[in-house]
Amino acid sequence: MKAALKHLAELSESKSASSEDFAHLPLPDTMSAMTVHRDETDLFRGLAFHEKDPRRSLHYEEVPLPEVGPNEVLVAVMASALNFNNVWSSLFEPSPGFNYIGEYSRYSPVNAKHNLDYHILGTDGAGVVVRTGTAVTRWKPGDRVMIFGPTCDVSSPEVFDDEIRDPHLMAYGFETNFGSFADFTLVREHQLLPKPEHLTWVEAASMTLVATTTYRMLVSRNGAQMSQGDNVLIWGASGGLGTFAIQFVLNGGGIPVGVVSSEEKAAMVRKMGCERVIVLPRDHGEDRFLDENGHTKNRQILRLKAQIRKLTGGEDPDIVFEHTGRSTFAASVAVARPGGKIVTCGSTSGYDHVFDNRYLWQTVKHIIGSHAANYYEAVQTARLIGKGFLYPTLSRVFPLAEGAEAFSMLHKGTHMGKLGFLNIAPEESMGIRDHELREKVGEEKIRLFRRDGEPRPAGQCAVA
Ligand code: NAP
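About the thresholds
- Residues numbered from 1 in each chain as written.
- Predicted model: local features only at pLDDT ≥ 70, side-chain atom pairs only at ≥ 80, totals over all residues.
- Heavy atoms only, no water.
- Near = heavy atom within 4 Å.
- Nonpolar A, V, L, I, M, F, W, Y, C, P; charged D, E, K, R; others polar.
- Helix = DSSP H or I, 4+ residues; strand = E, 2+ residues; numbered from the N terminus.
- Contact = heavy atoms within 4.5 Å.
- Pairing = 2+ DSSP bridges.
- Axes fitted to C-alpha atoms, helices over the stretch in contact; angles between N-to-C directions.
- Disulfide = S-S within 2.5 Å.
- Buried < 20%, exposed > 50% of the residue type's maximum accessible area, 1.4 Å probe, protein only.
- Expected span 1.5 Å × (residues − 1).
- Polar contact = N/O pair within 3.5 Å; in protein donor to acceptor, adjacent residues only side chain to side chain.
- Parallel < 35°, antiparallel > 145°, perpendicular 65-115°, else oblique.
- Left-handed = near helix turned anticlockwise from the far one by under 90°.

Turning to the site of the ligand, a few remarks are in order. Near the ligand lie 24 residues; those nearest to it are Leu241, Ser261, Thr348, Ala372 and His415. Split by residue class, the shell around the ligand holds eight nonpolar, 14 polar and two charged.

Within the fold, His415 resides in the loop between α15 (404-412) and β18 (418-422). In this structure the C-alpha to C-alpha distance between His415 and Met78, which are 337 residues apart in sequence, comes to 22 Å. Beyond its immediate sequence surroundings of up to four residues, His415 is in contact with Gly239, Lys265, Met409 and Leu410.

Let's shift gears to the sheet that holds strand β2 (residues 59-64). Taken in spatial order, the three strands line up as β2-β1-β4 in an open sheet, and their pairing is antiparallel. Looking at the sheet topology across the chains shown, the edges are occupied by β2 and β4 (118-120). Ignoring which end each strand starts from, the neighbouring axes of this sheet average 60° apart. Pairing of strand β1 (residues 30-37) with β2, which is carried by six bridges, proceeds in the antiparallel orientation. From the neighbouring strand, Thr35 faces β2, where its bridge partner is His59. Contacts from helix α5 (residues 97-106) reach β1 and β4, with the element oriented near 85° to β4.

Moving on, we come to the sheet that holds strand β11 (residues 231-234). One open sheet holds the six strands; their spatial order is β13-β12-β11-β14-β15-β16, and the pairing between them is parallel. Edge positions in the sheet fall to β13 (276-279) and β16 (366-369), since each has one partner strand and no second. Sheet twist, expressed as the mean angle between neighbouring strand axes with direction ignored, is 20°. Examined bridge by bridge, strand β14 (residues 319-322) and strand β15 (residues 341-344) share four bridges and lie parallel to one another. Each residue of the ladder has a partner; that of Phe321, found in β15, is Val343. Strand contacts of helix α10 (residues 263-271): β12 (255-260) and β13, with the helix running at about 170° to β13, the strand carrying the most contacts. Across the face of the sheet, helix α11 (residues 298-312) comes into contact with β11, β12 and β13 while running at roughly 155° to β13.

Further remarks concern the state of the cysteines. As used in these notes, a disulfide is a covalent bond between sulfur atoms, one from each of two cysteines. Taken as a whole and judged by the stated rule, the model has zero disulfides. There is no disulfide at Cys274, and the cysteine sulfur nearest it, in Cys345, is 18 Å away. You can call Cys345 partly exposed: its relative accessible area is 24%.

If you check helix α14 (residues 375-386), its first and last C-alpha atoms are 16 Å apart, about what twelve residues at 1.5 Å a residue would give, namely 16 Å. Looking at α14, one finds that the buried residues are Tyr375, Glu377, Ala378, Gln380, Thr381, Ala382, Leu384 and Ile385. As for α14, its buried residues are in contact with β6 (144-147), β10 (192-194), α8 (208-218) and α9 (240-251). Between the side-chain oxygen of the N-cap and the backbone nitrogen of Tyr376 there are 3.2 Å, and the N-cap of α14 in question is Asn374. Trailing α14 by a residue or two, Gly388 shows a phi angle of about 85°, which is positive.

A word on the packing of α11 against helix α12 (residues 326-335). Their axes nearest at 10 Å, the elements α11 and α12 cross at an angle of 55°. The pairing of α11 with α12 is recorded here as oblique in orientation. Here the hand of the crossing between α11 and α12 comes out right-handed. Between α11, through Ile301, Leu304, Lys305 and Ile308, and α12, the contact on the second element is made entirely by Ala330, Ala331, Ala334 and Val335. Residues of the contact of α11 with α12, tallied by class, amount to seven nonpolar, no polar and one charged.

Listed below in structure tokens is the structure:
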């Protein structure tokens, strides 16, 4: 490891290190980063989604450290975590990230530096602020932070209502460059949240995108506004969003009904307290609820409805938590109760949804589009994490240099919960300061998803 990074990692563990120590720390000229390349965007042309292998397009290489603009913050990334949008980037879907970066780089001179022939991926991370631009007021070197993905133009009028409506809103590390899969990352100050100090760096890094997105979908006034006693059908209940949906529903007095594809995944979500689980095994390319002509398969949908009612005592879902897309959307609309809500933030199995509209209009249901979260929603989510009301669902941790393997797992759906990376932090156990709260939340809960052996106390390195 480079001497400067080793020193940074040591400094981040020291309680006596001052802001000045971080501000004056000499930084290297280059950094290690996980990238995709502009001249390889045709790599997967003609292949179906499941035939594409992200390991072919990913590079782990040395790139120059980015320059810090007036409204930017340079964070030394101790750890990061994988999201499905990173898989989209690595497969150049729905279109190459370079297209979005081109757009981003044109609307402000500060953004021009993003337009490079490589794209550093990564939307979630945790680390220490090492440099701040002259216009930054909220953060200072030495601050320990979690990184929050959406980045907007703070001068857009829409931001003052809900920044998600900003036409210039971009997902950092997906639609912008200098993401979190590197030794250092460049962010705006409205992308930072205080690190929960009872968690390790990699645990903290694994939560932001999925937790904030789920908060907006289920809790916020911009989402489904779940009430006590609501039945919530959760697709992909063992995945990144799903495991946080279970937590929010249980915390808010709702009744989660999880859908997963295997008994192993069912056992895990039951351990989280989601007692009602439906196992629907699935093969890639299979549309369970649509026939080969793209019409809804009503018999399959009625079967699902019956399975849900069996678990809920005859009730239909008040809310359907959707992100799985084309394969499931027809069923989601049909099974929601009259007046119920289908809240969606994604389309893993395809964007062009098909559903029988009679199920929507005749029983006055609502479809709510949701995307990421605004900064206020993110701060509320971080508060809940910081108080120990939400726990990480990290299952495996990889050194960033070996991260391509994690991309492959997420792409194939062989993972559970979240997959994390160690960037600068040499050991997984690093980052904890509040041992009392950690003990209160419970090691068993915090490490519930770990798949590299029995739950181990923090302090032992367990890099998978
Ligand atoms: P994830 O960890 O891969 O979890 C998704 C789960 O969905 C999988 O574990 C899988 O579980 C299930 N699934 C996938 N395809 C399915 C299908 N055809 N039918 C039924 N279940 C299926 O991913 P994630 O982090 O939860 O993200 C999920 C989606 O939301 C992605 O498309 C992502 O891009 C999107 N997203 C959007 C936002 C936003 O702000 N708009 C934020 C976060 C994520 P089983 O194997 O058990 O079926």
